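# Observations on the model geometry
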Amino acid sequence: MPEPEPLTVPSMSAGPDFVLRPWEMSDLPLVREASLDPYIPLITTIPSRYSDAAAEAFVRRQWERAATGAGYPFAIVRSRDRRPVGAIGLWLRDLPAGRASLGYWLTAPARGQGVARAALRTVTGWALRDVGVHRLQLFIEPWNTASARTAEDVGFRREGLLRGWQQVGDRRRDMAVYALLNTDKPVDGRAVTAH
């Protein structure tokens, strides 16, 4: 089986207020802020104890994910002041089978403002249209109603509950699986894929 090709993470507009771009070493303050969140370090590789070395290693891991073809890691950045407020990633481990997964997180001050929705809509459209993914998946803990609402607003459909699916902190947690197919009907009047 051939080695995956290195990926180039593009910069994309996520509406008038946010841009998605590759991670930079200048994003260490975002890593610091995320490391203080009680949940983000449990579900990501954000260090739970901040140090500059650990934050730099996190950013390098994002670069490595693209370099090894594992996926497209994006920082979510506010346009007006260029402040990073979160992350979204398109992960391609199952791409040979036509599937990819997404994950996203925001720091507390950016939540509840439609940022995740704009980022998810942007990456979803791009993945289905330009990357050629047939099925996108999200795995969301059942209690996380804000994330579930964001997924559903973008057109993802809840398909079921995966019991004990993922280790989160020190416990196995159930995950609700959401999916969007490139053949699904348009979301909010916009086509999912260009035909």
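Report follows, based on the coordinates. On a predicted model such as this, the values are computed, not experimentally measured, just so you know.

Within the open sheet, the 8 strands sit side by side as β1-β2-β3-β4-β5-β6-β8-β7. Their pairing is mixed. A strand with exactly one partner marks an edge of an open sheet, and here the two such strands are β1 (12-13) and β7 (157-168). Note: strand β2 (residues 18-21) against strand β3 (residues 71-78), 4 bridges, orientation antiparallel. Of the residues in β3, the one forming a bridge with R21 is A75. Sheet strands touched by helix α3 (residues 52-67): β3 and β4 (84-91). Its angle to β3, the strand with the most contacts, is close to 135°.

L90 and F156 are the most contacted members of the largest nonpolar core, which totals 37 residues. Listing elements by their share of this core, those giving two or more residues are β2, β3, β4, β5 (99-106), α4 (115-131), β6 (135-140), α5 (145-154) and β8 (171-181). Excluding residues within four positions of it along the chain, F156 makes contact with L102, L120, T124, L136, Q137, L138, A151, Y178, A179 and L180. By size, the runner-up hydrophobic cluster in this structure holds 14 residues, among which are W23, A34, I40 and A55.

Right, let's talk about the environment of Q166 for a bit. By secondary structure assignment, the location of Q166 is in strand β7. Sequence-wise, Q166 and P47 are 119 residues apart; in three dimensions their C-alpha atoms are separated by 18 Å. What Q166 contacts, discounting residues up to four positions off in sequence, is R171, R172, R173 and M175.

In this section: α3. Every α-helix winds through 3.6 residues per turn, so residues three or four apart in the chain are directed the same way. With 16 residues, α3 should cover 22 Å at 1.5 Å per step; its first-to-last C-alpha distance of 22 Å lies within 8% of that length. If you check which residues of α3 are buried, you get A55, F58, V59, Q62 and A66. Taken down its axis, α3 places every buried residue within 90° of arc, on the same side. Next to the buried residues of α3 lie α1 (28-35), β3 and β4.

For β7 and β8, the ladder comprises 8 bridges, and the chain directions are antiparallel. In the strand pairing of β8, L162 is matched with M175. The turn joining β7 and β8, which pair antiparallel and follow one another in sequence, is formed by 2 residues; a positive phi near 65° is taken by G169.

The next subject is the environment of D94. One can find D94 in the loop between β4 and β5. For D94, a relative accessible area of 27% corresponds to the partly exposed category. Taking C-alpha positions, D94 is 31 Å from A53, a pair spaced 41 residues apart along the chain.

Rules and cut-offs
- Residues numbered from 1 in each chain as written.
- Predicted model: local features only at pLDDT ≥ 70, side-chain atom pairs only at ≥ 80, totals over all residues.
- Heavy atoms only, no water.
- Pairing = 2+ DSSP bridges.
- Helix = DSSP H or I, 4+ residues; strand = E, 2+ residues; numbered from the N terminus.
- Contact = heavy atoms within 4.5 Å.
- Axes fitted to C-alpha atoms, helices over the stretch in contact; angles between N-to-C directions.
- Core = buried A, V, L, I, M, F, W, Y, C linked by side-chain atoms within 4.5 Å.
- Buried < 20%, exposed > 50% of the residue type's maximum accessible area, 1.4 Å probe, protein only.
- Expected span 1.5 Å × (residues − 1).
- Arc of directions from axis to C-beta.

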